[in-house]
Amino acid sequence: MLPAGCATSDRADRAALPLETVGAEIRTCPRDPVPVPEGALDAGTTEKLWKQDRGALVDVNGCLRSAIAHSDDVAAAGKAKR
């Protein structure tokens, strides 16, 4: 497998996560980036946007943790059936 920064779009070597089993907390995860402002920014606007970006990152990381836990549960259930 290639290092993460070198990965290709070929994902045949990865197990698929059954989407029908994914909970609502994962389905509703934010997917859109924080919009990039146009024009010059003053210090107050920069701080406000930085806080929005950090908040979005916290939300995405929470969703990532939920998705990993779900994937681990699916894998464990698959192993238990063997």
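Here, the structure is the one placed above.
Predicted model, so just to flag it, every value in this text is computed and none were measured. (Residues numbered from 1 in each chain as written. Predicted model: local features only at pLDDT ≥ 70, side-chain atom pairs only at ≥ 80, totals over all residues. Heavy atoms only, no water.)

> Whenever I open this one, helix α2 (residues 43-81) confuses me. Can you help?
Three or four residues apart is the spacing at which side chains of an α-helix point the same way, because the helix has 3.6 residues per turn. Taking 1.5 Å of rise per residue, 39 residues should cover 57 Å, and α2 covers 57 Å from first to last C-alpha, within 8% of that figure. Residues of α2 that are buried include every one of Leu49, Cys63 and His70, and no others. Packed against the buried residues of α2 are α1 (24-27). The backbone nitrogen of Gly44 has a side-chain oxygen 3.3 Å away, supplied by the residue at the start of α2, namely Asp42. (Helix = DSSP H or I, 4+ residues; strand = E, 2+ residues; numbered from the N terminus. Expected span 1.5 Å × (residues − 1). Buried < 20%, exposed > 50% of the residue type's maximum accessible area, 1.4 Å probe, protein only. Contact = heavy atoms within 4.5 Å. Polar contact = N/O pair within 3.5 Å; in protein donor to acceptor, adjacent residues only side chain to side chain.)

> Please clarify how the state of the cysteines should be interpreted in this entry.
As used here, a disulfide is simply a covalent bond connecting the sulfur atoms of two cysteines. With the rule as written, the count across this model stands at 1 disulfide. Disulfide pairing places Cys29 opposite Cys63 at an S-S distance of 2.0 Å. Looking down the S-S bond of the Cys29 and Cys63 bridge, the torsion is -110°, so its handedness is left-handed. You can see Cys29 sitting in the loop between α1 and α2 and its partner Cys63 sitting in helix α2, a full 34 residues away along the chain. Judged on exposure class, the residue Cys29 and its partner Cys63 are both buried. (Disulfide = S-S within 2.5 Å.)

> What is the right way to look at the pattern of salt bridges in this model?
As a working rule, side chains carrying opposite charge can pair if their charged atoms are close by. For the structure on display, the rule yields 2 salt bridges. Across the pair Glu47 and Lys51 runs a salt bridge, and its minimum N-O distance is 3.1 Å. Highlighted residues: Glu47 and Lys51, both in helix α2, separated by 4 residues, approximately one helical turn. With a shortest N-O distance of 2.6 Å, Asp53 and Arg54 are connected by a salt bridge. We classify Arg54 as partly exposed; its relative accessible area is 34%. (Salt bridge = Lys/Arg side-chain N within 4 Å of Asp/Glu carboxyl O.)

Treat this as a map of the structure, not an account of what it does.
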